[in-house]
Amino acid sequence: MSTTFGWERSVLRRSIENLGQRTIQGVWRIGFAARFFLATLLHSGTAFRRFGLTIREIYFSGVLSLIIILVSGLFVGMVLGLQGYETLQTYGSEEALGVLVALSLVRELGPVVAALLFASRAGSAITAEIGLMKATEQLSAMEMMAVDPIARVVAPRFWAGVISMPLLAALFSAMGIFGGYLVGVQLIGVDEGSFWSQMQSAVDFEQDILNGVIKSVVFGIAITAIALFEGYDAPPTAEGVSGATTRTVVTSSLVVLALDFVLTAFMFRGLN
Amino acid sequence: MSKTVLDLWVGLFVIAGVAALLFLALKVGSMSTVNTSDSYQVIARFDNIGGLKSRAPVKSAGVVVGRVADISFDNETFEAAVTLRLDKRYAFPKDTTAAIMTSGLLGEQYIGLEAGGDSLKLKDKDRILITQSAVVLENLIGQFLYGKAQEGAPE
């Protein structure tokens, strides 16, 4: 009996070995990512002492993302205005359009969509840049010159992302509300006063706006940390860098959505 | 790109971001101050304002003529003191009545002004003397049920 099942047993054994190897690799990668993140935080001194480095990176990840953020914000707000009006007028409460647009933007869409755009616009660029620096051995060259690449290259990009993200999310929300105002008040003709007054009485500074800012800061940390790690960890080949760039966008988008659920569950659980 | 141009752009970016945050805090959130240009204020006292909110519209004949500027509670008369900010273009007689109305069955509440026949006009800081409180739906239902019960009671 045992001889007839020999090859099946070896297949089973090999698949279990495979699983074990993958688990070990996964845990090792998580550990590496954690150590990398910690090292970035510990070597952040240079990013603030030589703030010019960080400003340069804010330009590349923040300022250059402005166009896509502003235009998408405007259009998301305009679509919200149109769709919200369609639904609200069925119940004769078009005046609540301002509340609908503002709350959905400030609480959810602003931080989340801005974060998704930031991940694909700036996160992918960070990964590709660092991956190529590694592939062309610029990072090793820095180490040879006794320049710490984490302090010189990684930390300024990290802090630039963390600073840029809340500003971009705020701009996205503001643009979206302006878009909703354009469509709702200027185009459709909802009463302007009710639009703003109902919005102001429904949107709370601490509960809604501040929580949105906290969300965007958390997303900024998550996206830049993932992008930097993927770049630093990328295999030093053309294929490796392209794979790492793709992984950055996919992973950070998923992490943003998952984190958003967790944060929302904590922030708005007790609200009516 | 030269360093100063880069600094300039980042500076502009940060200013725009902070301005957007301020816009969200002041214009969208409830930390707003209202401008006082081209308007005059009158005060109306109500027994019950229902769900009236600050910045709700003030309408006369269905046209928006002003906004509710402030709502406070008078602890001596135990009434609600509602400050109305009316547009300078519209002057109302002294014996104008103010009533709290609801747009639609469940819509937002607003103040309806009905002009009287006095030749004197309302001025800044004047009081509207004749007011009508908000209709509270629950009270209405309660009164109706009470009336029905009275009808059916044996003499």
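As the structure is a computational prediction, the values presented were derived from the model and not from experiment.

**Q** What is the right way to look at the overall build of chain A in this model?
**A** A tally of helices and strands in chain A yields 10 helices and 0 strands. Each helix and strand of chain A, placed in order from N terminus to C terminus, yields the pattern α-α-α-α-α-α-α-α-α-α. Computed over its C-alpha atoms, the radius of gyration of chain A comes to 24 Å, more than 25% above the 19 Å expected for a compact globule of 272 residues. Within chain A, residue pairs in contact and separated by at least 24 positions form 87% of the contacts whose partners lie at least 6 positions apart.

**Q** Hey, could you run me through the pairing of strand S4 (residues 79-87) of chain B in this one?
**A** Note on strand geometry: in a regular strand, side chains alternate between the two faces of the sheet. Residues and elements named next belong to chain B. Looking at chain direction, strand S1 (residues 39-46) and S4 are connected through 8 bridges and run antiparallel. Bridging across to S4, Tyr40 finds its partner in Leu86. As paired strands, strand S3 (residues 63-74) and S4 are joined by 8 bridges and run antiparallel to one another. Residue Val68 lies in a different strand from S4, and its bridge partner there is Leu84.

**Q** In this structure, what is going on with the sheet that holds strand S6 (residues 109-114) of chain B? I would like to understand it.
**A** Note: strands within a sheet are paired through backbone hydrogen bonds, in either parallel or antiparallel orientation. All names here are of chain B. With mixed pairing, the 8 strands of this open sheet are ordered in space as S7-S1-S4-S3-S2-S6-S5-S8. With one partner strand each, in any of the chains shown, strand S7 (126-128) and strand S8 (130-132) form the two edges of the open sheet. Averaged over neighbouring strand pairs, the angle between their axes works out to 30° when direction is ignored. Here 3 bridges tie strand S2 (residues 57-60) to S6, and the two strands are oriented parallel to one another. Within the sheet, the bridge partner assigned to Val58 lies in S6 and is Ile111.

**Q** Even after reading the chapter, I still don't get the domain arrangement of chain B, so can you show me in this structure?
**A** Bring the parts together and some accessible area is lost; that lost area is often taken as the interface size. Domain annotation of chain B identifies domain 1 (1-33) and domain 2 (39-141). Each of domain 1 of chain B and domain 2 of chain B was reduced to a C-alpha centroid, and the two centroids are 39 Å apart.

**Q** Looking at this structure, I do not really get unusual backbone geometry. What am I missing?
**A** The backbone of Ala146(A) shows a phi angle near 60°, a positive value even though the residue is not glycine. Considering the arrangement of structural elements, one finds Ala146(A) in the loop between helix H6 (138-144) and helix H7 (149-188). Residues other than glycine seldom take positive phi values, yet Ala61(B) does so here, at roughly 55°. Looking at the element boundaries, Ala61(B) is found in the loop between S2 and S3. By C-beta crowding, Ala61(B) is classed as exposed, having 9 other C-beta atoms within 10 Å.

**Q** Just checking my understanding: could you explain the environment of Gly66(B) for this structure?
**A** All names here are of chain B. One can find Gly66 in strand S3. Owing to 23 C-beta atoms within 10 Å, Gly66 belongs among the buried residues under this scheme. The spacing of Gly66 and Leu86 is 20 residues in sequence and 4.1 Å in space, taken between C-alpha atoms. The residues contacting Gly66, other than those within four sequence positions of it, are Ser39, Val58, Leu84, Arg85, Leu86 and Asp87.

**Q** Honestly, the packing of helix H5 (residues 97-135) of chain A against H7(A) in this entry has me stumped. Any pointers?
**A** Packed helix pairs are specified by the crossing angle of their axes together with the interaxial distance, meaning the distance between the axes. Residues and elements named next belong to chain A. At a closest axis distance of 7 Å, the pairing of H5 and H7 adopts a crossing angle of 145°. Judged by the twist between their axes, the crossing of H5 over H7 is right-handed. Its residues assigned to classes, the contact of H5 with H7 comprises 21 nonpolar, 6 polar and 1 charged.

**Q** Just checking my understanding: could you explain the interface of chain A and chain B for this structure?
**A** Counting from both sides, the interface comprises 30 residues of chain A and, opposite them, 27 residues of chain B. Looking at the side of chain A that touches chain B residue by residue, the class counts come to 16 nonpolar, 10 polar and 4 charged.

**Q** When you look at H5(A) in this model, what are you seeing that I'm missing?
**A** In an α-helix, one full turn covers 3.6 residues, which means residues spaced three or four apart are oriented alike. Residue and element names in this part refer to chain A. Leu105 marks where H5 bends most, by close to 55°. Across the 39 residues of H5, 28 count as buried, placing the element largely inside the fold. Backbone geometry just downstream of H5 places Glu137 in the positive-phi region, at approximately 60°.

**Q** Help me understand the packing of helix H4 (residues 66-90) of chain A against H7(A) in this model?
**A** Residue and element names in this part refer to chain A. Where H4 meets H7, the closest approach of the two axes is 7 Å, and the angle between their N-to-C directions is 40°. On the basis of their axis angle, the class for H4 and H7 is oblique. Crossing handedness for the pair H4 and H7: right-handed. Class assignment of the residues belonging to the contact of H4 with H7 gives a composition of 18 nonpolar, 7 polar and no charged.

**Q** Got a minute to help me understand the pairing of strand S5 (residues 97-102) of chain B in this structure?
**A** Residue and element names in this part refer to chain B. In the sheet, S5 pairs with S6 via 6 bridges, with the strands oriented antiparallel. For Ala98, the partnering residue across the bridge sits in S6 and is Leu113. Pairing between S5 and S8: 3 bridges, direction parallel. Among the inter-strand pairings, Ala99 is bridged to a residue of S8, identified as Gln132.

Definitions and limits used
Residues numbered from 1 in each chain as written. Chains lettered and ligands numbered in written order. Predicted model: local features only at pLDDT ≥ 70, side-chain atom pairs only at ≥ 80, totals over all residues. Helix = DSSP H or I, 4+ residues; strand = E, 2+ residues; numbered from the N terminus. Rg over C-alpha atoms; globule rule 2.2 N^0.38 Å. Contact = placed C-beta atoms within 7 Å. Pairing = 2+ DSSP bridges. Axes fitted to C-alpha atoms, helices over the stretch in contact; angles between N-to-C directions. Domains from an automatic or database assignment. Buried ≥ 20, exposed ≤ 12 C-beta atoms within 10 Å, placed from the backbone. Left-handed = near helix turned anticlockwise from the far one by under 90°. Nonpolar A, V, L, I, M, F, W, Y, C, P; charged D, E, K, R; others polar. Bend = angle between axes of the 7 residues up to and from the residue. Parallel < 35°, antiparallel > 145°, perpendicular 65-115°, else oblique.

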